[in-house]
Amino acid sequence: MGRPQALEEAMGYVVLALLLIVGAAAAVAAQRRQGGRAEPVVAVAVPPAVPDPDPGPGAGARVEAERWVERLGTGPAGIDAAGDKAAVQALADATEWYRAAKGELAAGRYDAATAAAVEGLHYVRAARTALRLDPGPVLPGLGTGAVTARDGRVIVADRTYTVSNRWRDGVTPYYYAGGVVAGRRVPGGWYSAPWWNPALAVA
């Protein structure tokens, strides 16, 4: 065999060896890449927020009624009537209206509960006025008339009472928020006797 042929055969072996080495290296690299490859990120669908159930058409009235009833419940806190007859009477009336308001609220009559609570707060305001305290914020009207003159007369159940638009100790110390008595509208104001409470009414 001549020298060129032997050299050619040797070069062939070298090339084959190199190809085998490169192929093996490529296989190892591919295997390593396969083993260390991170798992693909799978997007997780986030469900949309579930809206609150429909509170219903009466929810606003209920919340409003609860607010007024709670306000009336805390209204007398810190008020010391100190034996003042006008304040004692007004706070007693406020307590009665609080009970009525809670009853209406429990029965689901929200408008009636609100009306009762607001009326009760008028009596709390009257108690504070009688004790010469800050009467607090102005309240919604009750839809009834109010006394506009300082001194007047009102006949209720065939009895005449002095009525005024202001508290006057010994003259008009008792507050009435106003309403309908025996089919007749009686104005809100300060009266000479608590005729609406027979147990406390005086001649």
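Described in the following lines is the structure provided in the data block. (Residues numbered from 1 in each chain as written. Predicted model: local features only at pLDDT ≥ 70, side-chain atom pairs only at ≥ 80, totals over all residues. Heavy atoms only, no water.)

## Side note on the overall build of the protein
So the rule is basically this: Secondary structure elements follow DSSP: runs of H or I of four or more residues count as helices, runs of E of two or more count as strands, with numbering from the N terminus. Working definition: with a 1.4 Å probe on protein chains only, accessible area under 20% of the residue-type maximum means buried, over 50% means exposed, and in between means partly exposed. The contact criterion used is simple: two residues touch if any of their non-hydrogen atoms lie within 4.5 Å.
Of regular secondary structure, the protein possesses four helices and six strands. Reading the protein from its N end, one meets helices and strands in the order α-α-α-α-β-β-β-β-β-β. Residue burial in the protein is summarised as follows: out of 203 residues, 28% are buried. Look at the contacts in the protein between residues 6 or more apart in sequence, and 54% of them connect residues 24 or more apart.

## Focus on the layout of surface pockets
Counted only if it meets this: Each cavity reported here is a set of points on a 1 Å grid over the protein atoms alone in which a 1.4 Å probe fits but cannot get out, each pocket an open set with protein on both sides within 12 Å along at least five of seven lines, and each lining residue one with an atom within 4 Å of a point. Grid points are joined across faces, edges and corners, and a volume is the space filled by probe spheres set on the points. Each residue is assigned to one class: nonpolar for Ala, Val, Leu, Ile, Met, Phe, Trp, Tyr, Cys and Pro, charged for Asp, Glu, Lys and Arg, and polar for all the others, Gly among them.
In this structure, the largest pocket occupies an estimated 340 Å³ of space. Every residue lining the largest pocket is counted, 19 residues in all, and those nearest its centre are His122, Arg125, Ala146, Tyr175 and Gly188. Here the residues of the lining of the largest pocket are counted per class, giving nine nonpolar, nine polar and one charged.

## Topic: the packing of helix 2 (residues 59-74) against helix 4 (residues 110-130)
Relative orientation and spacing of two packed helices are given, respectively, by the angle between their axes and the distance between those axes. We apply this condition: A fitted line through C-alpha atoms serves as each axis, taken over the contacting stretch for helices, and the angle formed by two N-to-C directions is quoted from 0 to 180°. Working definition: roughly parallel below 35 degrees, roughly antiparallel above 145 degrees, roughly perpendicular at 65 to 115 degrees, and oblique for all remaining angles. The sense of a crossing depends on the near helix, which, turned anticlockwise from the far helix by less than a right angle, makes the crossing left-handed and, turned clockwise, makes it right-handed.
Where helix 2 contacts helix 4, the two axes come as close as 8 Å, and the packing angle between them is 25 degrees. It follows from the interaxial angle that helix 2 and helix 4 lie roughly parallel. Remark: the crossing between helix 2 and helix 4 carries left-handed chirality. Note on element contacts: helix 4 touches helix 2 through Tyr110, Asp111, Ala113, Thr114, Ala116, Ala117, Val118, Gly120, Leu121 and Val124, opposite Ala61, Arg62, Glu64, Ala65, Trp68, Val69, Arg71 and Leu72. Looking at side-chain class alone, the contact of helix 2 with helix 4 contains 12 nonpolar, two polar and four charged residues.

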